[in-house]
Amino acid sequence: MFWFDAVLLGILEGLTEFLPVSSTGHLILLGAWLGHESEAAKTLDIVIQLGAVLAVVVYFRARLADTLRGVLRRDPESLRLAFAVVIGFIPAAVVGLLFHKAIKAHLFGPGPVAVALIAGGVLMIAVEAVRSRRQDPGDPRLEDITPRRAAAIGFAQCFALWPGASRSMTTIVGGQLSGLSTAAAAEFSFLLAIPTLGAATVFDLAKNGRALLDAPGGPTALAVGLAVSFAVALLVIAVFLRYLKRYGLAPFGWYRIALGALVLWLWLASRAAPTADGAAAVAPGPQADAAATALRRE
């Protein structure tokens, strides 16, 4: 395992984790290009998210500290925000635990990722267009998140279990549809990342961390990847929040559609490529294709 791979993964994770473009989808594509097939490399792809989680904690440290103090004082607004994060976390945690193996077996591949990228891009553009016509920016404060809104965002986050859908996209759009402003929905999405990504990282680290730590260069790759993803994600959070207030989500939607179309075209072309004897290759069944691609990610 090369430290340079860890740098690339860290940069990509930091750039895409909080943008509504799907970090998982991008990491699947990069992992396939890098030829990541070992258990150590697959574990690094997931555990590297911890750097992005730490970036959220650092960026929102003041708000998190205020919320924690408010919870201890039983301040109503702090309790409501903390409760909202818990409510938003539960649906995806339950669905992820129940369908983890099925998701890995059938959805971790270029084809499903491309479909999710395109569908998510169309959804983002449509939601932005409707909100623009209604001229309704939504409620601007995190304190405006009610339990009902938190539940709606939590169920929306379940769709992010499909690689390529994007956790940021589903939670931000879910927040918009529930009546929040884009900026408030994005801030809540960042806070929701702490338990969601933290739990996923700890789960995979406990299950497969030994393979990463025992691999030649594994500890170094882990340290480098975490440091790079932390630094890049910290910068992205600050820039992204300012960007959203001016431009919204539509540009990311067009990017998703373009990338998804390119990936889908390349994927279909590779499945129809002629074999050595000149005959067209027979596309493998969904089980065989998913098994092969899943090895690149989990």
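Structure: see above.
Note that residues are indexed from 1 along each chain, following the sequence as it is written. Restriction of local features to residues with pLDDT of at least 70 applies here, the model being predicted, together with a cutoff of 80 or more for giving and counting side-chain atom pairs; totals for whole chains, interfaces and linings are based on all residues. Remark: hydrogens and water are excluded; side-chain values derive from all non-hydrogen atoms of the structure.

## Some thoughts on helix H11 (residues 218-247)
And then number 1: Helix length check: H11 (30 residues) gives 40 Å between terminal C-alpha atoms against 44 Å at 1.5 Å per residue, within 8%.
And then number 2: Immediately beyond the C-terminal end of H11, within one or two residues, lies Gly248, with a positive phi of roughly 75°. Helix and strand definitions follow DSSP, with helices as H or I runs of at least four residues and strands as E runs of at least two, each counted in order from the N terminus. In this scheme, a helix's expected span is set at 1.5 Å multiplied by one less than its residue total.

## Points about the layout of surface pockets
And then number 1: Estimated volume of the largest pocket: approximately 760 Å³.
And then number 2: Using a 1 Å grid laid over the protein atoms alone, points where a 1.4 Å probe fits but cannot get out form a cavity; open sets with protein on both sides within 12 Å along at least 5 of 7 lines form a pocket; any residue with an atom within 4 Å of a point counts as lining. If you trace the largest pocket, you find 30 residues lining it, with Gly96, His100, Leu161, Thr196 and Ala200 closest to the centre.
And then number 3: Counting residues per element, the ones that place at least two in the lining of the largest pocket are helix H2 (23-34), helix H6 (76-107) and helix H10 (182-214).
And then number 4: No other element matches H6, which puts seven residues into the lining of the largest pocket.
And then number 5: Of the residues belonging to the lining of the largest pocket, the class tally is 15 nonpolar, 10 polar and five charged.
And then number 6: In this structure, the second largest pocket spans a volume of roughly 230 Å³.
And then number 7: In this structure, the second largest pocket is lined by 13 residues; those nearest its centre are Leu123, Phe159, Ala165, Met169 and Thr170.
And then number 8: Elements supplying a minimum of two residues to the lining of the second largest pocket: helix H7 (110-134) and helix H9 (167-177).
And then number 9: No other element matches the five residues that H9 contributes to the lining of the second largest pocket. Grid points are joined across faces, edges and corners, and a volume is the space filled by probe spheres set on the points. Think of it as three bins: nonpolar holds Ala, Val, Leu, Ile, Met, Phe, Trp, Tyr, Cys and Pro, charged holds Asp, Glu, Lys and Arg, and polar takes everything else, Gly as well.

## Digging into the nonpolar core
And then number 1: What we call a nonpolar core is a set of buried Ala, Val, Leu, Ile, Met, Phe, Trp, Tyr and Cys residues that are connected through their side-chain atoms within 4.5 Å. Here the term buried applies to any residue with accessible area under 20% of the maximum for its type, exposed to any over 50%, and partly exposed to those in between, with areas from a 1.4 Å probe on protein chains only. With 41 residues, the main nonpolar core has Phe18, Phe188, Phe190, Ile237 and Phe240 as its most contacted residues.
And then number 2: Elements that contribute at least two residues to this core include exactly helix H4 (49-59), H6, H7, helix H8 (147-158), H9, H10 and H11.
And then number 3: Ranked by residue count, the leading element in this core is H10, at nine residues.
And then number 4: Counting residues in each nonpolar core, the second largest holds 13 residues, with Ala6, Ala40, Ala215 and Leu222 among its members.

## Considering the environment of Gly174
And then number 1: Take Gly174: it is sitting in helix H9.
And then number 2: Along the sequence, Gly174 and Gln157 sit 17 residues apart, while their C-alpha atoms lie 7.9 Å from each other.
And then number 3: In this structure Gly174 touches Ile153 and Ala156, once residues within four positions along its chain are discounted. Residue contacts are counted whenever heavy atoms from the two residues lie within 4.5 Å of one another.

## A look at the environment of Val122
And then number 1: Along the chain, the position of Val122 falls in helix H7.
And then number 2: Sequence separation between Val122 and Gly253 is 131 residues, and the spatial gap between their C-alpha atoms is 6.3 Å.

## Focus on the packing of H7 against helix H12 (residues 250-271)
And then number 1: Look at H7 against H12: their axes get within 7 Å of each other, and the N-to-C directions meet at 155°. When the interaxial angle is binned, H7 and H12 end up roughly antiparallel. Considering only the axes of H7 and H12, their crossing is left-handed. Between H7, through Pro110, Gly111, Ala114, Ala116, Leu117, Ile118, Gly120, Gly121, Val122, Met124, Ile125 and Glu128, and H12, the contact on the second element is made entirely by Ala250, Phe252, Gly253, Trp254, Arg256, Ile257, Leu259, Gly260, Ala261, Val263, Leu264 and Trp267.
And then number 2: Counted by class, the contact of H7 with H12 contains 17 nonpolar, five polar and two charged residues. Every angle, taken between N-to-C directions, lies between 0 and 180 degrees, and every axis is a line fitted to C-alpha atoms, over only the stretch in contact when it is a helix. Throughout this description, any angle smaller than 35 degrees is read as roughly parallel, any larger than 145 degrees as roughly antiparallel, any in the 65 to 115 degree range as roughly perpendicular, and the remainder as oblique. By the definition used in this description, the sense in which the near helix is turned from the far one sets the handedness, with an anticlockwise turn below a right angle giving left-handed and a clockwise turn giving right-handed.

## Describing helix H1 (residues 3-16)
And then number 1: In this model H1 runs 20 Å from its N-terminal to its C-terminal C-alpha over 14 residues, within 8% of the 20 Å that 1.5 Å per residue would give.
And then number 2: Those residues of H1 that fall on the buried side of the exposure criterion are Asp5, Ala6, Val7, Leu9, Gly10, Leu12, Glu13, Gly14 and Thr16.

## Details of the pattern of salt bridges
And then number 1: Any carboxyl oxygen of Asp or Glu within 4 Å of a side-chain nitrogen of Lys or Arg constitutes a salt bridge here. Taken as a whole and assessed by the stated rule, the structure comprises one salt bridge.
And then number 2: With its nearest N and O atoms 2.4 Å apart, the salt bridge here joins Asp66 to Arg69. Highlighted residues: Asp66 and Arg69, both in helix H5 (residues 61-72), separated by three residues, approximately one helical turn.
And then number 3: For Asp66, a relative accessible area of 41% gives the class partly exposed.
And then number 4: Looking at Arg69, the relative accessible area reads 43%, which means it is partly exposed.

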